[in-house]
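Each chain, letter by letter, is given below.
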Amino acid sequence: MEVLQLLAPDLPLRHSVSKPTVSLPPTHLLSVVFRRRRVTGGVRRWPPRACAVEVSEGGKMVMELVGAFNELTERMNVLSTSSSRLLFKCLKLSIPVLQSSPLAPDGRPPLSKALCVAMLLADLQMDAEVISAGILREVLEAGGLSIHEIRNQMGVATAHLLHESLRVNNIPSRIDVVDDDNAAALRKFCLTYYDIRALIMDLALKLDMMRHLDYLPRYQQQMISLQVMKIHAPLAHAVGTTYLSLELEDLSFQYLFPYSYLYVDTWLRSHETGGISLVDIYKEELLQTLKADPLLMELVDNVTIKGRYKSRYSTMKKLLKDGRKPEDVNDVLGMRVILNPKAGENALEAGGRACYRTHQIIQSMWKEIPYRTKDYIARPKANGYKSLHMAVDVSENGKTRPLMEIQIRTTEMDRLAVGGTAAHSLYKAGLTDPDEAKRLKTIMLAAAELAALRLKDLPSTIHKGIEIDQRDRVFRLLDKNGDGKISIEELTEVMEELGAPGEDARDMMQLLDSNSDGSLSSDEFHMFQKQVELVRNLEVRDDQYKKLLDEKLHMADDSGLIQVYNKEFGNRLAS
């Protein structure tokens, strides 16, 4: 049995340590801390002015349900009521199955693995159907439900995506040798004949798998990494998920050529300052300087800067090209300045003037490399591409830095550039016919729009309303009769849907119902959500500390004692 510790510094101990008998006021619910402790042979006693209450299995599942739903929806920019219900229903269906399933082959709990994939998909702004299918993929693999049962409970659209993802997963088996020609043909086949959302879902699954590949023998790591490098990373680039593509390339590079990866990684890390990347430092410095310029602010409403480090894999390709030395790789650091001109008849002209003013400001900050400047605003490319490119030397205090490339453009220029990049990405992925690439791009956009219309995921301009809905979304889903409170019957129904007994609902109501009226108001439930968020943040921080300690414990030690105790200490941290 797990216990819940309620820290109340100024509240006398009035609760039994075995079961709650009196509810805590909301002010003290703010200090709830959940600790996962096994109680054997009695109830653990807590320090003075603290009390422990039992958290039932049903209570833990509700905590997981609320926490997972809130974290997913916070990452999604657009979410309609129908999408909320679909995602909530999926979590209610999946959580009890995955919590009772054995560990995955990589050693992770299946629920944790499913939610990692779901978070990736939410970050990519995929719709609720895709995210639900990503979670249910783990349910299917755990043997908890069949695809027919999922179709009956979740609907045809979600089951179709799940079925398509299983087909996509078998793609590599279609070829015997993963060479360039076979890989290109396979990528073209995927882009032509498979649901684009199922492809993106499979790419998220591949990235999650690559992040946890250490448990496999080295030869299997290399076989999988070769497939990912040749097939999946270019596919990710083709469908516009650039950051998936870059991380898939880097992880594959790390497993295929570990010593080369270490060399490049060490060199790139040498350009960090106090653990903070140079890109982040220069991005903030440039943003503040631009916003402080009155001439520029007269022309634009907003300034956005995107920064990036060149990926390890891309850097290695540059180093190998023409026998270059590290100092000859010029685009290790990169930034893109996007300017939103003020609305009006002269917005187009104002945008161009803003770009050139930004250019002047950057010239005053860093030394420009003249021969690297390219003005595609005055002389656009044949495909209509407009942007102002420049490179600057950011070396300082006698320390040499890589040159930093900067692109300056308006929001409209950026929109057109991204559209062109999408078509170019499809071309690189294996579609050599420009008309075919254009046709596929249209299909991709149409699929996304169709899903949005079906789920009614249409953007809203009422930002304040969205914030209120974000806070109350779970509450409204649980308050099924819409009377503004969650009754014991409604809470019991959720518990039973999660496979927990009804008594768990009564225990949870007693814990959270601060005014003892037999129901939960939105304020009481919102307080509970804050505690769930606190717990999840603590668990994330604990994982980060464990990873950091694990890295430090792997450092070379002449005595060898660190290596001897590393495994034992790591196991203690995990328990």
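The rules behind these values
- Per chain, residue numbering runs from 1 following the sequence as it is written.
- In keeping with the predicted nature of the model, local features appear solely for residues at pLDDT of at least 70, side-chain atom pairs appear and are counted solely at 80 or more, and the whole-chain, interface and lining totals rest on all residues.
- Only heavy atoms go into the side-chain values, all of them from the structure, while hydrogens and water stay out.
- In summary, the pairing rule links any two rings of Phe, Tyr or Trp, Trp by its six-membered ring, whose centres are within 6.5 Å, and it sorts them by plane angle into stacked for under 30 degrees, edge-to-face for over 60 and tilted for everything else.
- Helix and strand assignments come from DSSP, with helices taken as H or I runs of at least 4 residues and strands as E runs of at least 2, each series counted from the N terminus.
- In this scheme, a residue with accessible area under 20% of its type's maximum is buried, one over 50% is exposed, and one in between is partly exposed, where area comes from a 1.4 Å probe on protein chains only.
- In this scheme, the term charge over a ring applies when either NZ of a lysine or CZ of an arginine sits within 6 Å of the ring centre and within 35 degrees of the ring normal.
- In what follows, salt bridge is the name for a side-chain nitrogen of Lys or Arg lying within 4 Å of a carboxyl oxygen of Asp or Glu.
- Within this scheme, the nonpolar core is defined by two criteria: the residues are buried Ala, Val, Leu, Ile, Met, Phe, Trp, Tyr or Cys, and they are joined through side-chain atoms within 4.5 Å.
- By definition, residues are in contact when any of their heavy atoms lie within 4.5 Å.

**Q** So what about the packing of aromatic side chains? Which residues, and what values?
**A** Across all of its chains, the model carries seven aromatic pairs by this definition. On the basis of an interplanar angle of 85 degrees and a centroid distance of 5.4 Å, the ring pair of F69 and F88 is categorised as edge-to-face. Separated by 19 residues along the polypeptide, F69 in helix α2 (residues 57-75) and F88 in helix α3 (residues 81-99) bring together distant segments of the chain. Ring geometry for F253 versus F257: centroids 6.4 Å apart, planes at 55 degrees, classification tilted. A relative accessible area of 3% places F253 in the buried class. Cluster of aromatic residues (ring-pair linked, three or more members): F253, F257, Y261 and Y313. Across the ring face of Y376, the terminal group of K381 is positioned such that the distance to the ring centre comes to 5.0 Å. Seen from the ring of Y385, K381 lies directly overhead, with NZ or CZ sitting 5.0 Å from the centre.

**Q** Provide a residue-level description of the pattern of salt bridges, including the pertinent values.
**A** Oppositely charged side chains are able to pair whenever their charged atoms sit close together. Inspection of the entire model under this criterion finds 20 salt bridges. One salt bridge in this structure joins R75 and D123, with 2.8 Å as the shortest N-O distance. Here D123 lies in helix α4 (residues 110-123) and R75 lies in helix α2, a separation of 48 residues in the sequence. E247 serves as the salt-bridge partner of R211, at 2.8 Å between the closest nitrogen and oxygen. Of this pair, R211 sits in helix α9 (residues 196-211) while E247 sits in helix α11 (residues 242-256), and the two are 36 residues apart along the sequence. On the accessibility criterion, R211 (39% relative accessible area) is partly exposed. Classification of E247 as partly exposed rests on a relative accessible area of 24%. Within this structure, K92, K480, E493 and E497 form a network of salt bridges that share partners.

**Q** I'd love a proper account of the nonpolar core, names of residues and values included.
**A** Counting residues in each nonpolar core, the largest one holds 89 residues, and the members touching the most others are L72, L91, L121, I131, F525 and F528. Considering each element in turn, this core owes the most residues, 10 residues, to α9. Setting aside residues no more than four positions away along its own chain, F528 makes contact with V62, M63, V66, M508 and L512. Formed by 41 residues, the second largest nonpolar core is a distinct cluster that contains W267, L299, I305 and I361.

**Q** Tell me about the environment of V228, and name the residues and values.
**A** As for its position among the elements, V228 is in helix α10 (residues 218-238). Classification of V228 by relative accessible area gives buried; the value is 1%. Along the sequence, V228 and M210 sit 18 residues apart, while their C-alpha atoms lie 8.8 Å from each other. What V228 contacts, discounting residues up to four positions off in sequence, is K206, M210, A233, P234, L248 and S252.

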